[in-house]
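Below are the chains, spelled out letter by letter.
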Amino acid sequence: MSLIEMLDRLEGGSALRLGEASEAALKSGLRDALYQQLPSTRIAELLRLDPRRAEREVNAVLQQIALRPSYQHLASDLRESMIREVTDLVIGLGPIEELLRDDTVTEVMINGPSQVFYERDGRLFASNLTFHDEAQLRSIVDRIVGPMGRRVDESDPMVSARLPQGHRVNVVIPPLAPDGTVVTIRKFRDQVFTLDELVQIGSMNSEIAAMLRAAVKSRQNIVVSGGTSSGKTTLLNALSVEIADEERIITIEDSAELRFTTHPHVVRLEARMRSAENTGEVTIRDLVINALRMRPDRIVVGECRGAEALDMLQAMNTGHDGSLTTLHANSPGEVMMRLVMMCRFGMELPVSVLTEQIASAFNLIVHLARHADGVRRVTEICRYQTERGKNNLVKLVSWDSQSCQYHWYQEVVL
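Now for a description of the structure that goes with this document. For clarity, every value in this text was computed on a predicted model and none was experimentally measured. (Residues numbered from 1 in each chain as written. Predicted model: local features only at pLDDT ≥ 70, side-chain atom pairs only at ≥ 80, totals over all residues. Heavy atoms only, no water.)

Quick word on the sheet that holds strand E2 (residues 116–120)
In plain terms, the rule: Any two strands with at least two DSSP-identified bridges between them are counted as paired. Secondary structure elements follow DSSP: runs of H or I of four or more residues count as helices, runs of E of two or more count as strands, with numbering from the N terminus. Note on geometry: axes are lines fitted to C-alpha atoms, helical ones only across the stretch in contact, with angles between N-to-C directions running from 0 to 180 degrees. Contacts: residue pairs with any heavy atoms within 4.5 Å of one another.
Spatial strand order, E3-E2-E1-E6-E5-E4: 6 strands in an open sheet with antiparallel pairing. Strands at the two margins of the open sheet, each flanked by one partner only, are strand E3 (123–127) and strand E4 (158–162). The mean inter-strand angle of the sheet, taken between neighbouring strand axes irrespective of direction, is 15 degrees. Here 5 bridges tie strand E1 (residues 105–111) to strand E6 (residues 182–186), and the two strands are oriented antiparallel to one another. What sits directly across from Asn111, in E6, is Val182. Docked against the sheet, helix H8 (residues 134–145) engages E1, E4, strand E5 (168–172) and E6, running at close to 55 degrees with respect to E4.

Comments concerning the environment of Ala256
In this fold, Ala256 is placed in the loop between strand E8 (249–253) and strand E9 (266–270). For the pair Ala256 and Arg168, spaced 88 residues apart in sequence, the C-alpha to C-alpha distance is 8.5 Å. Leave out the neighbours within four places in its chain, and Ala256 touches Arg162, Gly166, Arg268 and Glu270.

Focus on the pairing of E8
Here is the rule: Accessible area is worked out with a 1.4 Å probe on protein chains only. A residue is then buried under 20% of its type maximum, exposed over 50%, and partly exposed in between.
Burial analysis of E8 places 5 of its 5 residues in the buried class, which makes it a mostly covered element. Burial of the side chains of E8 extends over both faces: Ile249, Thr251 and Glu253 are buried on one face and Ile250 and Ile252 on the other. Bridge count for E8 against strand E10 (residues 298–301) is 4 bridges, and the pairing is parallel. Bridging from a neighbouring strand, Ile250 pairs with Ile299 of E10.

Observations regarding the nonpolar core
Definition in use: The term nonpolar core refers to a set of buried residues drawn from Ala, Val, Leu, Ile, Met, Phe, Trp, Tyr and Cys, joined through side-chain atoms within 4.5 Å.
Formed by 33 residues in total, the largest nonpolar core has its most connected members in Ile252, Val335, Leu339, Ile358, Phe362 and Tyr384. Beyond its immediate chain neighbours, meaning those up to four positions away, Ile252 contacts Leu269, Ile284, Leu287, Val288, Ala291, Ile299, Val300, Val301 and Gly302. One finds Leu198, Met204, Ala215 and Val366 within the second-largest nonpolar core, a separate group that totals 31 residues.

A few points about the state of the cysteines
Operational definition: Pairs of cysteine sulfur atoms within 2.5 Å are what we label disulfides.
With the rule as written, the count across this model stands at 0 disulfides. Considering cysteine sulfurs only, Cys343 is the nearest to Cys304, which forms no disulfide, with 7.2 Å between them. Its relative accessible area of 2% is what places Cys304 among the buried residues. Here Cys382 is not disulfide-linked; the sulfur of Cys304 is the nearest cysteine sulfur, at 18 Å.

A short note on the pairing of strand E11 (residues 324–328)
Within E11, 4 of the 5 residues are buried, which leaves the element mostly enclosed by the surrounding structure. Two strands pair when backbone bridges link them, and strand E7 (residues 222–226) and E11 are joined in this way by 5 bridges, in the parallel orientation. Following the sheet pairing, Gly226 is matched in E11 by His328.

As for the sheet that holds strand E15 (residues 405–408)
Ordered by their spatial adjacency, 9 strands build an open sheet running E9-E8-E10-E11-E7-E12-E13-E14-E15, and the pairing between neighbours is mixed. Edge positions in the sheet fall to E9 and E15, since each of these pairs with one other strand and no more. For this sheet, the mean inter-axis angle between neighbouring strands, taken without regard to orientation, is 25 degrees. In this sheet, strand E14 (residues 390–400) lies alongside strand E13 (residues 376–387) in antiparallel orientation, the contact comprising 8 bridges. Paired with Arg383 across the two strands is Val394, which belongs to E14. Lying on the sheet, helix H11 (residues 232–241) is in contact with E7, E10, E11, strand E12 (364–370) and E13; it crosses E11 at an angle near 170 degrees.

Brief notes about the packing of helix H3 (residues 40–49) against helix H4 (residues 51–65)
The condition that has to hold: Any residue outside Ala, Val, Leu, Ile, Met, Phe, Trp, Tyr, Cys, Pro, Asp, Glu, Lys and Arg is labelled polar, Gly included; the first ten of those are nonpolar and the last four are charged.
Between H3 and H4, whose axes approach to 5 Å, the crossing angle comes to 145 degrees. Contacts from Arg42, Ile43, Leu46, Leu47 and Leu49 in H3 reach Pro51, Arg53, Ala54, Glu57 and Val58 in H4. When the residues that make up the contact of H3 with H4 are grouped by side-chain class, the tally is 7 nonpolar, no polar and 3 charged.

Looking at the packing of aromatic side chains
Any aromatic ring pair is given by two values, namely how distant the centres are and how the planes are angled relative to each other. Spelled out, the test is: Pairing of aromatic rings covers Phe, Tyr and Trp, the last through its six-membered ring, and needs centres within 6.5 Å; plane angles under 30 degrees mean stacked, over 60 mean edge-to-face, and all others mean tilted. Working rule: Lys NZ or Arg CZ, within 6 Å of ring centre, within 35 degrees of ring normal, means a charge sits over the ring.
Inspection of every chain in the model, using the stated rule, returns 2 aromatic pairs. The interplanar angle of 25 degrees and the centroid separation of 5.6 Å between the aromatic rings of Tyr118 and Phe125 together place this pair among those described as stacked. Residue classification places Tyr118 among the buried positions, given a relative accessible area of 13%. Judged by centre distance (5.0 Å) and plane angle (70 degrees), the rings of Trp399 and Tyr406 are edge-to-face. In this structure, Arg377 is placed above the aromatic ring of Trp399, and the distance from its NZ or CZ to the ring centre is 4.2 Å.

Below, the structure is given as structure tokens:
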């Protein structure tokens, strides 16, 4: 006798709680019954045309199926949980949908089908969520990259993409990941942090916020530096909020992560990877060059990582004041070295010429770090100062971890 037949014969209508195997069998039956009434091809078409309508129709069909005697003996909360999980599996991202819905989760990391971790408040936690097998995980990956015309397979085993919510996704599959497909999802809030909110969560104090606000309004060129996951994009967004409404902003990114929910005049440009036929690539450098022809008041480059650095420096030194960007660096002292290296990708110029261009282009370097307790904080603010032909890095503010307060080295005049 099957599980469903056994449930059909139960009398009394008492709510049942099931073991994991029984629950999995019922969810599998619920999913199969859904596909009988609403074929997968129809669901795929609805997802392409209107994802919200697809979710409504799938949920409605599942609610009808759940009225059958096979499911009426289940506790109502268990029945609703099954419907939600099957809906997530069919049109969402399966087990991790609940993590994506949780606003307190900032990053989701999948290390093969049996290991899921997440980040909350800057700290990592192990989740009890798992995928059934590698095949289910790969189907979820295909659902992520497919709508964007991307693919991931053995011939191209790495891909970066963006979810409709704006979350950034990176995927690595076997053979590069021998223990199973690895997926990393960086989440972003619907509403960006403001400088005042960053003060409230301890990323800076009110004096730092006032200084940065004045720097943006006075059209200072600012580079936000820091290590991986140190909060660079979050701070860049917060700085962008301070740009006056009457200014035209051009944003340039590998993957569109910057959010402008209130500014009335923003043009967003996003680089494009090469196609499967090895054609159609549009680089960040291409977009920076093109942006100069689009009458920008401000150019905001999500992350400077290649030859586009040279074109950005030229723009900053020829009248495009108030530009903003981020840069991977372990300290403010590394910023000059990293920028010189990137500029030389674009053109073989003498190092002395490049350092002079960099020193004159950037007015402020704002460095962030993530601390052991998970807090992401502005730790240093510096500027370049030229003396006797040398470009010296001058520290304006730094965070003292011993006294847990900021130390100001000189009065800042913007």
